[in-house]
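Here are the chains, one letter per residue:
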Amino acid sequence: MGRVLPPRFAHDDPTVVVDPYPHYAQLRAAGQLCRFGPGQWGVTRHADVSALLRDRRLAHGFPEEYRRFAIGDGPATEFFGGISIVRDPPEHTRLRALMSKAFSPALVRRLSDHLTGIVDELLEPALDTGILDAATDLAYPLPVTVVCELLGVPTADRDIVRPRAADLARGWSTEVAEADRPHVHAAVVWLREYLGALLEERRHRPGDDLLSRMLAAGSGEDSLSQQEIVDNAVFLFFAGFETTRNMIGTGCAALLRHPNQLARLRAEPGLAASAVEEFLRYDAPVQGAGRMVLSPIEIGGHTVRAGRVLVLLLGSANHDESVFERADRLDVGRSPNPHVSFGGGTHFCLGAALAREEGRVAFERLLHHFATIEPAGEPVRRLTASGNIRAYDSVPMQVRPR
């Protein structure tokens, strides 16, 4: 009798796209691996995912032929091969070191009071109307405003820039749906041209924005090339916008479904930072991270050969019952909370500190301004073909000012 194959991850099942967590539980119970797409294996459990995020036998970069398979021929094929998050040492080390100088924790600390002002301004209309859509009125404009300010994007351009970032987000998958591919390629072209023109302005008239600091970072052979600055600025625009947007939206939706946790957070506003970590765990904005296998890896009695792809199922790892007690329950005070939503190792999310601070301020100010927060209709999921992005298009709330 032949060896029984691990179960298949049904990522194309509409019910799994809407709510993958019961399916993840079945996969974890069956073993450490599941079948994914062609030449791909999914890793289901926290211990393996956490270790593999730091394993040097896995590469973040993918061969060009694989990128063409995953996203089709076009500008995005080259783009997704050049940004820092998919580069491996020594290129990644150089890019990360220089980008970190331009995107430092000190910058995030200086932004705290400014974030409060932005959130207060976004919440102001709801003080009069009593209606707030957490997705469109808060989760969407907050990170866009912040990342546009960081990059020096003029206020007048923000409404035309952010739909391009949303289109780029469709490409964040190990296999992009055919219907999404033209949008991703077009977004790369547009954002490259736009940020490239902005970069040229900063070259002649430097400011205090991220593009200017990226231009100034490094020297000689270690400096960033024009294309590296543009492409990594495009990536930072997406990363600084999409993940934070989704975390705030899914967090608000989760609080509406768990009024006891909303009441607890209101009674203990100091838990806002802890709540952000729990929102990241409970419904991770990005559900999986793809890695290329460089040398054979043994997982759960199966040998994954070199040249195969491992999809580290972050969303599944974050619900592993062996690590998180009552993992299917929202707990805004959960401690410890070793979620893997920001990745790990040398590729740990560069913008994690900023995302955390934006989330903390958003939830603190939301509860500061409103005495009651209740559902004003059913939240509407933003469904992507791959299901790798967890987000909402609408989270309607009825609010009463203090």
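Residues numbered from 1 in each chain as written. Predicted model: local features only at pLDDT ≥ 70, side-chain atom pairs only at ≥ 80, totals over all residues. Heavy atoms only, no water.

1. Here we look at the sheet that holds strand E5 (residues 288-293)
Line of reasoning, step 1. Taken together, five strands build an open sheet; the order of strands is E1-E2-E8-E5-E3 and the sheet is mixed. Looking at strand neighbours, the two that pair on one side only are strand E1 (33-35) and strand E3 (58-59), the edges of this open sheet.
Line of reasoning, step 2. Sheet topology note: the E5/strand E8 (residues 309-313) ladder contains five bridges and is antiparallel. In the sheet register, Met 292 faces E8, and the bridge partner there is Val 309. (Pairing = 2+ DSSP bridges. Helix = DSSP H or I, 4+ residues; strand = E, 2+ residues; numbered from the N terminus.)

2. Description of the pattern of salt bridges
Close approach of charged atoms allows side chains with opposite charge to pair.
Line of reasoning, step 1. Summed over the entire model, instances satisfying the criterion amount to 19 salt bridges.
Line of reasoning, step 2. Measuring nitrogen to oxygen at the nearest pair gives 2.9 Å for the salt bridge that ties Glu 321 to Arg 28. Separated by 293 residues along the polypeptide, Glu 321 in the loop between helix H16 (314-317) and helix H17 (352-369) and Arg 28 in helix H2 (residues 21-30) bring together distant segments of the chain.
Line of reasoning, step 3. Each of Glu 201, Arg 202 and Asp 209 takes part in a single network of salt bridges with overlapping partners. (Salt bridge = Lys/Arg side-chain N within 4 Å of Asp/Glu carboxyl O.)

3. Topic: the environment of Pro 105
Line of reasoning, step 1. One can find Pro 105 in helix H7 (residues 105-129).
Line of reasoning, step 2. In this structure, the C-alpha to C-alpha distance between Pro 105 and Gly 351, residues 246 residues apart in sequence, is 9.2 Å.

4. Notes on the environment of Leu 383
Line of reasoning, step 1. Tracing the chain through its elements places Leu 383 in the loop between strand E10 (380-381) and strand E11 (392-394).
Line of reasoning, step 2. The class of Leu 383 is exposed, set by a relative accessible area of 51%.
Line of reasoning, step 3. Spatially, the C-alpha atoms of Leu 383 and Val 17 are 7.3 Å apart, while their sequence positions differ by 366 residues.
Line of reasoning, step 4. The residues contacting Leu 383, other than those within four sequence positions of it, are Val 17 and Val 18. (Buried < 20%, exposed > 50% of the residue type's maximum accessible area, 1.4 Å probe, protein only. Contact = heavy atoms within 4.5 Å.)

5. A word on the sheet that holds strand E12 (residues 396-401)
Line of reasoning, step 1. Spatial strand order, E4-E12-E9: three strands in an open sheet with antiparallel pairing. A single partner strand is all that each edge strand has here, and the edge strands are strand E4 (131-133) and strand E9 (370-375). The sheet shows a mean angle of 30 degrees between the axes of neighbouring strands, direction not considered.
Line of reasoning, step 2. Lying over the sheet, H7 contacts E4, E9 and E12, oriented at roughly 145 degrees with respect to E4.
Line of reasoning, step 3. Running over the sheet, H17 touches E4, E9 and E12 and is turned about 105 degrees from E9. (Axes fitted to C-alpha atoms, helices over the stretch in contact; angles between N-to-C directions.)

6. Quick word on the packing of aromatic side chains
Line of reasoning, step 1. If you walk through the whole model with that rule in mind, you get five aromatic pairs.
Line of reasoning, step 2. Ring centres of Phe 279 and Phe 363 lie 4.8 Å apart, and the angle between their planes is 45 degrees; on these two criteria the pair is classed as tilted. One end of the pair, Phe 279, is in helix H15 (residues 272-282); the other, Phe 363, is in helix H17, and 84 residues separate them in sequence.
Line of reasoning, step 3. Residue classification places Phe 279 among the buried residues on the basis of a relative accessible area of 2%.
Line of reasoning, step 4. For Phe 363, a relative accessible area of 2% gives the class buried.
Line of reasoning, step 5. In textbook terms, an aromatic cluster arises when at least three aromatic residues are bridged by ring pairs, as seen for Phe 9, Tyr 21, Tyr 24 and Phe 36.
Line of reasoning, step 6. Sitting over the ring of Tyr 140, Arg 245 keeps its end group 4.4 Å from the ring centre.
Line of reasoning, step 7. The positively charged end of Arg 281 is found above the aromatic ring belonging to Phe 324, 5.3 Å away from the centroid. (Phe/Tyr/Trp six-rings, centres within 6.5 Å; stacked < 30°, edge-to-face > 60°. Lys NZ or Arg CZ within 6 Å of the ring centre and 35° of its normal.)

7. So, the packing of helix H13 (residues 226-257) against H17
Line of reasoning, step 1. Running from N to C, H13 and H17 cross one another at 35 degrees; their axes reach a closest spacing of 10 Å. In the packing of H13 onto H17, the handedness of the crossing is right-handed. Across from Gly 240, Thr 244, Met 247, Ile 248, Gly 251, Cys 252 and Leu 255 in H13, the residues of H17 making contact are Ala 355, Glu 358, Gly 359, Ala 362, Phe 363 and Leu 366. (Left-handed = near helix turned anticlockwise from the far one by under 90°.)

8. Description of the nonpolar core
Line of reasoning, step 1. Judged by nonpolar contacts, the single largest core of 48 residues is most densely connected at Ile 248, Leu 366, Ile 373 and Met 397.
Line of reasoning, step 2. Other than its neighbours up to four places away in sequence, Met 397 contacts Gly 130, Ile 131, Leu 132, Ala 134, Cys 252, Leu 256, Leu 366, Ile 373, Glu 374 and Ala 376.
Line of reasoning, step 3. By size, the runner-up hydrophobic cluster in this structure holds 35 residues, among which are Ile 71, Tyr 140, Ala 169 and Phe 238. (Core = buried A, V, L, I, M, F, W, Y, C linked by side-chain atoms within 4.5 Å.)

9. A few points about the side chain of His 339
Line of reasoning, step 1. Position of His 339 relative to the elements: it lies in the loop between H16 and H17.
Line of reasoning, step 2. At 2.7 Å, the side chain of His 339 and the side chain of Glu 277 are in polar contact.
Line of reasoning, step 3. At 3.2 Å, the side chain of His 339 and the backbone nitrogen of Ser 341 are in polar contact.
Line of reasoning, step 4. With near-sequence residues (within four places) excluded, His 339 lies in contact with Glu 277, Leu 280, Arg 281, Asn 318, Phe 324 and Arg 356. (Polar contact = N/O pair within 3.5 Å; in protein donor to acceptor, adjacent residues only side chain to side chain.)

10. Things to note about unusual backbone geometry
Line of reasoning, step 1. Cis peptide bonds are those with omega within 30 degrees of zero, and the linkage from Ser 335 to Pro 336 qualifies with 0 degrees.
Line of reasoning, step 2. Tracing the chain through its elements places Pro 336 in the loop between H16 and H17.
Line of reasoning, step 3. Of note, the phi angle at Arg 326 is positive, near 50 degrees, even though the residue is not glycine.
Line of reasoning, step 4. Here Arg 326 shows up in the loop between H16 and H17.
Line of reasoning, step 5. Accessibility expressed as a relative area gives 51% for Arg 326, which makes it exposed.

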